[in-house]
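# Summary of structural features
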Amino acid sequence: MTYRDMLAYARSKLNPVRLGKYDSTGFVAAVLEGANGKYYAGVNIDLACGLGFCAERSAAAAMVTDGERTVRRIVCVDENGAPLPPCGACREFLLQLSAENAEAGFLAAESPQKIVRLGDLMPLPWYEPGREGETF
Ligand SMILES: [Zn+2]
């Protein structure tokens, strides 16, 4: 899949639903390409009192459930289908899943296409280098 294909896939997953006065889902969609070559989609779930999570973490949960932690590419779209960079929490989340995710590229703009390396957005990780590969 090209970034353009991933963008179309993410747009196909948009499914905005208002659940109540403060709750909504599907206003943001994300597609992650895992190092295993598979693609994982997710949507945001925003619930009252700050509960819920972003589309990127929803997609990452599906990826981890499938046994993969390393992301090669990220595409996220807002409710209008425009590319949307991961928020700070998702950047941190993805980098803690695997240090290799610093090399993941995300689509920052569609036209002209702009790809940004995730690690360039988080240049000074606070956690210990070398945690990668620890087993419990
Ligand atoms: Zn986020």
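Residues numbered from 1 in each chain as written. Predicted model: local features only at pLDDT ≥ 70, side-chain atom pairs only at ≥ 80, totals over all residues. Heavy atoms only, no water.

### Comments concerning the coordination of the zinc ion
Convention followed: For Na, K and Ca the donor cut-off is 3.2 Å, while for other metals it is 2.8 Å, and in both cases only N, O and S atoms qualify; water is not among them, so sites may look incomplete. Put simply, DSSP marks the helices as runs of H or I at least four residues long and the strands as runs of E at least two long, and each gets a number from the N terminus on. Here's how the labels work: a residue is buried when its accessible area is under 20% of the maximum for its type, exposed when over 50%, partly exposed in between, all with a 1.4 Å probe on protein chains only.
Protein coordination of the zinc ion is provided by Cys54 (SG), Cys87 (SG) and Cys90 (SG), with donor distances spanning 2.2 to 2.3 Å. Positions of the donor residues of the zinc ion, expressed as sequence spacing, correspond to C-x32-C-x2-C. Here the residue Cys54 occupies a position in the loop between strand E4 (52-53) and helix H2 (55-65), and Cys90 occupies one in helix H3 (residues 88-97), the gap between them amounting to 36 residues. Look at Cys90 and you get buried, because its relative accessible area is 0%.

### Re the packing of aromatic side chains
For clarity, the cut-off: Note on aromatic pairs: the rings of Phe, Tyr and Trp (six-membered ring only in Trp) are paired at centre separations within 6.5 Å, and the planes decide the class, stacked below 30 degrees, edge-to-face beyond 60, tilted for the rest. In this scheme, the term charge over a ring applies when either NZ of a lysine or CZ of an arginine sits within 6 Å of the ring centre and within 35 degrees of the ring normal.
Inspection of the entire model under this criterion finds zero aromatic pairs. Note that Arg73 overlies the ring of Tyr3, its terminal NZ or CZ placed 4.9 Å from the centroid.

### Examining H3
The condition is simple: By definition, residues are in contact when any of their heavy atoms lie within 4.5 Å.
For H3, the set of buried residues is Cys90, Arg91, Glu92, Leu94, Leu95 and Leu97. Buried residues in H3 make contact with strand E2 (24-34), H2, strand E5 (71-77) and helix H4 (118-121).

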